[in-house]
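Here is what each chain is made of, one letter per residue.
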Amino acid sequence: QVQLVESGGGLVQPGGSLRLSCVASGRTFSPYFMGWFRQAPGKEREFVSAIKWSGGSVYYEDSVKVRFTISRNSAKNTLYLRMNSLKPEDTGVYYCAAARGPNGSMKTPVEYDYWGQGAQVTVSS
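Residues numbered from 1 in each chain as written. Predicted model: local features only at pLDDT ≥ 70, side-chain atom pairs only at ≥ 80, totals over all residues. Heavy atoms only, no water.

1. Comments concerning the overall build of the chain
Check the secondary structure of the chain and you find zero helices and eleven strands. Its C-alpha atoms give the chain principal-axis dimensions of roughly 45 × 25 × 25 Å. In the chain, the share of contacts with a sequence separation of at least 24, taken over all contacts with a separation of at least 6, comes to 55%. Of the roughly 6500 Å² of accessible surface on the chain, 46% is carried by carbon and sulfur atoms. Side-chain charges of the chain comprise 14 positive and 9 negative groups, with the mean position of each set lying 9 Å from the other. (Helix = DSSP H or I, 4+ residues; strand = E, 2+ residues; numbered from the N terminus. Contact = heavy atoms within 4.5 Å. Areas by Shrake-Rupley, 256 points an atom, 1.4 Å probe, with all protein chains shown as cover. Lys, Arg positive; Asp, Glu negative; His and termini not counted. Charge placed at Lys NZ, Arg CZ, Asp CG, Glu CD.)

2. Overview of the nonpolar core
Ranked by size, the top nonpolar core spans 28 residues in total, and within it Leu4, Met34, Trp36, Leu79, Leu81 and Met83 carry the most contacts. Broken down by secondary-structure element, the contributors of at least two residues to this core are strand 3 (18-25), strand 4 (33-39), strand 5 (46-52), strand 7 (68-73), strand 8 (78-83), strand 9 (92-99) and strand 11 (119-123). The leading source of residues in this core is strand 3, at four residues. Leave out the neighbours within four places in its chain, and leucine 79 touches Leu20, Ser21, Cys22, Met34, Gly35, Trp36, Ile51, Trp53, Ile70, Ser71, Arg72 and Cys96. If you look at the next biggest cluster of nonpolar residues, it comprises eight residues, including Phe33, Ala50, Ala97 and Ala99. (Core = buried A, V, L, I, M, F, W, Y, C linked by side-chain atoms within 4.5 Å. Buried < 20%, exposed > 50% of the residue type's maximum accessible area, 1.4 Å probe, protein only.)

3. Brief notes about the packing of aromatic side chains
Given two aromatic rings, one states the distance between the centres and the angle between the planes to describe the pair. Across all of its chains, the model carries eight aromatic pairs by this definition. Three or more aromatic residues joined by ring pairs form one cluster here, namely Phe37, Phe47, Tyr95, Tyr112 and Trp115. The ring of tyrosine 95 has arginine 45 sitting right over it, with the charged end atom 3.7 Å from the ring centre. Between arginine 45 and the ring centre of tryptophan 115, over which it is positioned, the NZ or CZ distance is 4.8 Å. (Phe/Tyr/Trp six-rings, centres within 6.5 Å; stacked < 30°, edge-to-face > 60°. Lys NZ or Arg CZ within 6 Å of the ring centre and 35° of its normal.)

4. Quick word on the side chain of aspartate 90
Position of aspartate 90 relative to the elements: it lies in the loop between strand 8 and strand 9. For aspartate 90, a relative accessible area of 1% gives the class buried. Here arginine 67 takes part through its side chain, which lies 2.7 Å from a polar atom of the side chain of aspartate 90. Look past the residues within four positions of aspartate 90 in its chain and what remains in contact with it is Arg38, Arg67, Phe68, Ser85, Val121 and Val123. (Polar contact = N/O pair within 3.5 Å; in protein donor to acceptor, adjacent residues only side chain to side chain.)

5. Some thoughts on the sheet that holds strand 1 (residues 3-7)
With antiparallel pairing, four strands are arranged side by side in an open sheet as 1-3-8-7. With one partner strand each, in any of the chains shown, strand 1 and strand 7 form the two edges of the open sheet. When strand polarity is set aside, the average angle formed by the axes of neighbouring strands in this sheet is 15°. Pairing of strand 7 with strand 8 involves six bridges; the strand directions are antiparallel. Paired with asparagine 73 across the strands is threonine 78, a residue of strand 8. (Pairing = 2+ DSSP bridges. Axes fitted to C-alpha atoms, helices over the stretch in contact; angles between N-to-C directions.)

6. As for the environment of proline 88
Positionally, proline 88 belongs in the loop between strand 8 and strand 9. Separated by 73 residues in sequence, proline 88 and glycine 15 place their C-alpha atoms 9.2 Å apart. Leave out the neighbours within four places in its chain, and proline 88 touches Pro14 and Val123.

What follows is the structure, given as structure tokens:
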């Protein structure tokens, strides 16, 4: 069984930065893709960014493309999301997710098999 644990959320002013981390544990952890999703109150969970674990191809939702950077450290089984120039509309619970195999675009929640518990990110002055 794979477990994902996020950390690094918090309260930040508009224009500020945060880095989220997601540590994966499990007997043999070798995902096909890992991604970040977020969910604002009253809204559906939405795609933020994803990375192909082997090879490192990255994908972003348009509104975060020049502000967020996804990366991973395979040796540490850790996924990161560096978030710069944060805006109030970035507020939400951020979830990391892992997919065992290719399921499509890798930009929808149903394509992922494992989820973390979420980290709250609040952007407010």
